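Notes for the structure review
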Amino acid sequence: MRRDFYAPSTSDEEQTAPLADDDLQRGRQAVAHARRLLRGDTDTARRTRVGLAVIGSIGALAAAAPMLAAVQEQPQAPAPESPAASPPETTSGVANSSATLNPVVTKLDQGEELLRTLARSVEAAEKTVTPTTRNSATALEKALPAITEAKDKATSAAAMLDELLPAVEQLGDIELSQRATAARQTATTLAARASTAWDRHRKAVDDAHQTQRVADARAADTAATRAVATAEDTVRGIRELLTGVATGLRDRKPALQVEGLLTQARTSLDEAPATITAARKAVEAAQSTSDAQPGRTAKSLLDRMQHLEQALTMARAEVPALLDKVARLRQSETADLAATAAEVAADAVTSTRQALDSASSHLDNAQTQRAAQDPAAAVRATAVAAARLNQAHQLQATADQALRTAEGAQPAGPATAEFSGPARALTTATTANTANTERLASLDQRLQALAESLASQPVPTAHTSPSTAPTRPAPAVAPAGQAAGVTVQLPGGRGTVQAPNAKAASAVRSALSQLGVRYVWGGQQPGRGFDCSGLTSWAYRQAGVHLPRVSRAQTVGARVQAGDLKPGDLVVWAGHVAMYVGNGLMVEAGSPVQISRVRTTNLKMKFLGFYRPTS
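For the structure given in this document, a descriptive report is provided here.

The first and last C-alpha atoms of helix α6 (residues 255–288) sit 49 Å apart over 34 residues, in line with the 50 Å expected at 1.5 Å per residue. The largest bend along α6 reaches roughly 35 degrees and is located at E271, with the proline P273 sitting one to four residues downstream. All of the buried residues in α6 are A255, V258, L262, A265, L269, A272, I276, A279, A282, V283 and A286.

Given below as structure tokens:
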């Protein structure tokens, strides 16, 4: 059928023919677009199929109206202006065409509203990661789902508007087409921005994780380095202690001092494995993070750990031999102590015997003067004999104490070859001391009998009363060529010295009786332990002089110069004190109580001077 069969007239139908032809053209275009859209099975395709079908039906009815009129020999179709002549189908088709606009427009409105929401989400996502952002990986990961959702929604919106745009264009509304085009462009832009924000955020998360891994690696490295350094200090300290033990053994330092160093070394050796284990764990933890930070020092730390473990094994292997050497040193020192104690005891017994000899000689002289009928000379000789006996009593007490100390220095059980000499000397000194004790009692009886005899005789001259003379201490008479004072025998063949008075002499003898006694901080127990001020205060207390307990407070009596030192003078520092015993020597509670050369230096203590408590 030809398209030009319809010849429009000059009547009202002429105005409807162009309209019908225009509707047919629109219907054909809608069908063409519908064919493209109908290839997909989406909501947009389905809605488009329905709309195009309705529009096509309207166009088909409009095109068929003239042909039906010609077949039925109708003169013309009713004028479109007349409502009564308008076919009901046409009116229904127009209404349906308006109805088909609503789903597309609604979808466009919804798309634009979605884009406005997405714009805010994308903007928030872009602000999450900026060049100045310094968020942790955890905080960034919490924001990642929202950014991912915004990216996905923007991508979906762009795809939806791509599908909606052809349907909008088919409606022929320029304004709607412009809106749809702008919406699609906005959606495409938002999708690109959201994807960029997501990429940046994902990279920021990765960077944050890497930064955290590097920070953790550095922290592990630092912790491992410190742990290894601590372990090295521990092993170095053990090495120094063992070296000190070896040096002390070579230099014959006191066994107590060497044994103390060895005890410290063994304690450190017992504690070292825990330190080494902690260091190795720290190094292994650092090694496990080595991939996060190139150029790590984990390998060097492992090498250092191996050296430490080897050094610790070698140090532990040295201990048994050192223990054996310290035991031998202690035995040797004990033997020396026993020998010294026996020697001191023997010297004390000898001094007692000499005092008894002097007292006996003066008693003989007194008896001779009495027999010669010289009561005054007899009284004087008796007074001297009483003084000598008084001195002998003091020396006897010192000898008894020295013997007890010597007996305590002897080992329990049978005496070994090392202790055989001191044991014999101690036996000899004990026998001599017993004889001195008996002799002292005998001389006391003689003195008492002589005093009673002289008291029964009248004294022609104004001399000291015989009845009271023996009980009154008389000053010692110095031998010719010696300075006045009280004689003190120094142990070990060091000669004799003259103390300025009996109290100083008694203090010197008491201090010398404790030679070899071990050092005990705060100690003042004879035979068991002394510290420096404990020794001097105890020694002077035996002579009836009470000194302050601490060393710096023992600056009592008269201060003397170095050239005027006498036995019994104190050598005082701010933290140490010793007693001068004569011949350039002093006795002090070191480790153990020992005789040393006089000095004015002691570590870094301030020297306070020389003092004579008995002045």
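Let us now look at the pattern of salt bridges. In total, this model carries 19 salt bridges according to the counting rule given. Across the pair E232 and R304 runs a salt bridge whose closest N-O atoms are separated by 2.9 Å. Of the two residues, E232 is situated in helix α5 (residues 174–250) and R304 in helix α7 (residues 298–371); the sequence distance between them amounts to 72 residues. Linking R236 and D233 is a salt bridge whose minimum nitrogen-to-oxygen distance equals 2.6 Å. Linking R236 with D233, this pair stays in helix α5, spanning 3 residues, or about one helical turn.

This next bit is on the packing of helix α4 (residues 137–170) against α5. Between two packed helices, what matters for the description is the angle formed by their axes and the separation of those axes. Where α4 contacts α5, the axes come no closer than 8 Å and their chain directions differ by 160 degrees. Our classification of the angle between α4 and α5 gives roughly antiparallel. Seen along the crossing, α4 lies across α5 with a hand that is left-handed. Tallied by class, residues from the contact of α4 with α5 come to 24 nonpolar, 8 polar and 6 charged.

We now examine the packing of helix α8 (residues 375–409) against helix α10 (residues 502–512). Two elements in contact, α8 and α10, have axes whose closest approach is 10 Å; the angle formed by their N-to-C orientations is 20 degrees. Taken together, the axis directions place α8 and α10 in an arrangement best described as roughly parallel. In terms of crossing hand, the pair formed by α8 and α10 is right-handed. Side by side, α8 and α10 meet where Q391, Q394, L395 and T398 of the first sit next to A502, S506 and R509 of the second. Its residues assigned to classes, the contact of α8 with α10 comprises 2 nonpolar, 4 polar and 1 charged.

Cut-off values and rules
- Along every chain, residues carry numbers that run from 1 in the direction the sequence is written.
- This being a predicted model, a pLDDT of at least 70 is required before a residue's local features are given, and a value of 80 or more before pairs of side-chain atoms are given or counted; all residues contribute to the totals for chains, interfaces and linings.
- Hydrogen atoms and water are omitted, and side-chain values are computed over all heavy atoms in the structure.
- Helix and strand assignments follow DSSP, with helices taken as H or I runs no shorter than four residues and strands as E runs no shorter than two, numbered in order from the N terminus.
- What a helix should span is 1.5 Å times the count of its residues minus one.
- The angle separating two fitted axes, one through the seven residues that finish at a residue and one through the seven that start at it, defines the bend at that residue.
- Note on classification: 1.4 Å probe, protein chains only; a residue is buried when its accessible area is under 20% of the maximum for its type, exposed when over 50%, partly exposed between these limits.
- Salt bridge, as used here, is a side-chain nitrogen of Lys or Arg placed within 4 Å of a carboxyl oxygen of Asp or Glu.
- Whenever a helix is involved, its axis is fitted only over the stretch in contact; in every case the axis is a line through C-alpha atoms, and angles between N-to-C directions fall within 0 to 180 degrees.
- An angle counts as roughly parallel when it lies under 35 degrees, as roughly antiparallel when it exceeds 145, as roughly perpendicular when it falls between 65 and 115, and as oblique in every other case.
- By the definition used in this description, the sense in which the near helix is turned from the far one sets the handedness, with an anticlockwise turn below a right angle giving left-handed and a clockwise turn giving right-handed.
- We call Asp, Glu, Lys and Arg charged. Ala, Val, Leu, Ile, Met, Phe, Trp, Tyr, Cys and Pro are nonpolar, and the rest, Gly among them, are polar.
- Residues count as neighbours in contact if any of their non-hydrogen atoms are within 4.5 Å of one another.

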